[in-house]
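The lines below spell out each chain.
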Amino acid sequence: MKETKNKEIKVLGIDLAKQSFHVYGVDEAGRKVISKKLNRAQLTAFVANLEPCLIGLEACGGAHHWVRVFTQYGHQVRMMAPQFVKPYVKSNKNDAVDAEAICEAVQRPNMHFVPVKQIEQQDIQSLHRVRSQLVGRRTAQANQIRGLLLEYGLVIAKGIGQVRKAIPVILEDADQTLTPLFRELLNELYQELIHLDEKIASIERKLAAICTQNEDCQRLLSIPGIGVLTATALIAAIGDIKVFKSGRELAAWLGLVPKQYSTGGKSTLLGISKRGDSYLRTLLIHGGRSVSRIAHRHQDTRNRWICSIKQRRGENISNVAVANKNARIAWALLTNKEGYRAAA
């Protein structure tokens, strides 16, 4: 009887967690077949014994791992953003209701699904996450050094480069009224700063090596405003480019298009939506800023367009506009497998 029920399951919604999971399955007519709680080992065995079906998951921690596991068993697995599943939650929230909502949402024909990352893409993304954390720690370390020295009457200008230059001079200057105890502490803080520099440089070398070996990264590097960090971050985040129907859809996924609040035929556009990966969006906007800053030195079509936006709307909006355009160009290059060709 249990085996018969499992064969009837055509769509399965799974509410993921670390150790406790809830599954909700329906048959071809949409009738409930199963709703039960499973632990981690039971979930793998349960899905392995199912006939191939459609499985829906929320995009969360560990979701990409489960997509790869379930796909090995012949299932079609789709991930959705939690905000798209929430409207299907009935009444109060619990694991069973969440699993039912996931099962309902994954069947919608117009549902937006999250691209699935391969293990290599997760490796690249892990390097970026660790680098981002190290950069934050390095910034905090430099600020702490500047703050401590200010209490002793020593002022260092803003910027990590200024801290790197000033600390050795301060440590070697015997005339400074710094106690031996504080000099020892300052030297330890400085050595830790150097250590963070070395770790960041090591990760950047790994990303550069990956970028050199990846054809798609090389295509992205041909776009003005996209460097090694942005190219590898895009490749890691996008997953399957075919998931996006157009360049605008990719730009919207990255949060680089305006929010809209329209009604009664009247369109109202607000600031950029800031949806999606904030780290990747930041890299694209920084790249746009580097291009926008020197646009006046060139007279080609692209740079004239940038200059016109800068004159009409200001520096910041021109930076975001370039980031938006670069995201759309990236979609075109990755879809068509070709390099960037600048307009005359």
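Here the structure is a predicted model, which means the values were calculated and not measured.

Rules and cut-offs
Within every chain, residues take consecutive numbers counted from 1 along the sequence as written. Note on the predicted model: pLDDT of at least 70 is required for a residue's local features to be given, and 80 or more for side-chain atom pairs to be given and counted; whole-chain, interface and lining totals, by contrast, use all residues. Neither water nor hydrogens contribute to the side-chain values; these are computed over all heavy atoms in the structure. Think of it this way: any DSSP run of H or I at least four residues long counts as a helix, any run of E at least two long counts as a strand, and we number them from the N terminus. A simple rule labels every residue: compare its accessible area, found with a 1.4 Å probe on the protein chains alone, to the largest value its type can have, and call it buried under 20%, exposed over 50%, or partly exposed in between. Whether two residues touch is decided by their heavy atoms; if any such pair falls within 4.5 Å, the residues are in contact. Here, Shrake-Rupley sampling with a 1.4 Å probe gives the accessible areas, and only protein chains in the shown set may cover a residue. Charged-residue counts in this description rest on Lys and Arg as positive and Asp and Glu as negative, His and the chain ends being excluded. One atom stands in for each charge, and that atom is NZ of Lys, CZ of Arg, CG of Asp or CD of Glu. Salt bridges are defined as contacts in which a side-chain nitrogen from Lys or Arg sits within 4 Å of a carboxyl oxygen from Asp or Glu. What pLDDT reports is the predictor's confidence in each residue, on a scale of 0 through 100. Between any two strands, pairing holds if DSSP finds at least two bridges. In this description, a line fitted to the C-alpha atoms serves as the axis of each element, helices being fitted only across the stretch in contact, and the angle between N-to-C directions of two axes falls anywhere from 0 to 180 degrees.

**A closer look at the overall build of the protein**
(1) Moving on: Counting secondary structure elements, the protein contains 14 helices and eight strands.
(2) Moving on: With respect to the three principal axes, the spread of C-alpha positions in the protein is 85 × 55 × 45 Å.
(3) Moving on: Per-residue burial over the protein gives 40% buried out of 344 residues.
(4) Moving on: Pairs at least 24 apart in sequence give 52% of the contacts found in the protein among residues at least 6 apart.
(5) Moving on: When the accessible surface of the protein is summed, it comes to about 19300 Å², and 51% of that surface belongs to carbon and sulfur atoms.
(6) Moving on: When the 50 positive and 31 negative side-chain charges of the protein are each reduced to one mean point, those points stand 7 Å apart.

**Describing the pattern of salt bridges**
(1) Moving on: Scanning the entire structure with this criterion turns up 10 salt bridges.
(2) Moving on: We note a salt bridge from Asp197 to Arg138, for which the minimum N-O separation is 2.9 Å. Here Asp197, found in helix H8 (residues 180–213), pairs with Arg138, found in helix H6 (residues 119–151); they are 59 residues apart in sequence, far enough to count as distant.
(3) Moving on: The exposure class assigned to Asp197 is buried, which follows from its relative accessible area of 15%.

**Quick word on the confidence of the model for the protein**
(1) Moving on: Per-residue pLDDT for the protein has a mean of 88; in total, 98% of the residues score no lower than 70.
(2) Moving on: Per-residue pLDDT, averaged within each element of the protein, yields its smallest value for helix H1 (residues 2–8) (63) and its largest for H8 (94).

**A short note on the sheet that holds strand E3 (residues 32–39)**
(1) Moving on: Spatially, E3-E2-E1-E4-E5-E6 is the arrangement adopted by the six strands of the open sheet, whose pairing is mixed. Across the chains shown, the open sheet's two edge strands, defined by having one partner strand only, are E3 and strand E6 (113–114).
(2) Moving on: Note that strand E5 (residues 76–80) and E6 share two bridges and pair antiparallel. Residue pairing across strands places Met80 opposite Phe113, the latter belonging to E6.
(3) Moving on: Helix H5 (residues 95–105) rests against strand E1 (11–15), strand E2 (20–26), E3, strand E4 (54–58) and E5 of the sheet, and its axis sits at about 140 degrees to E1.

**Quick word on the environment of Val155**
(1) Moving on: Inspection of the secondary structure assignment puts Val155 in the loop between H6 and helix H7 (160–172).
(2) Moving on: Distance in space between the C-alpha atoms of Val155 and Ala166 is 9.5 Å, their sequence separation being 11 residues.

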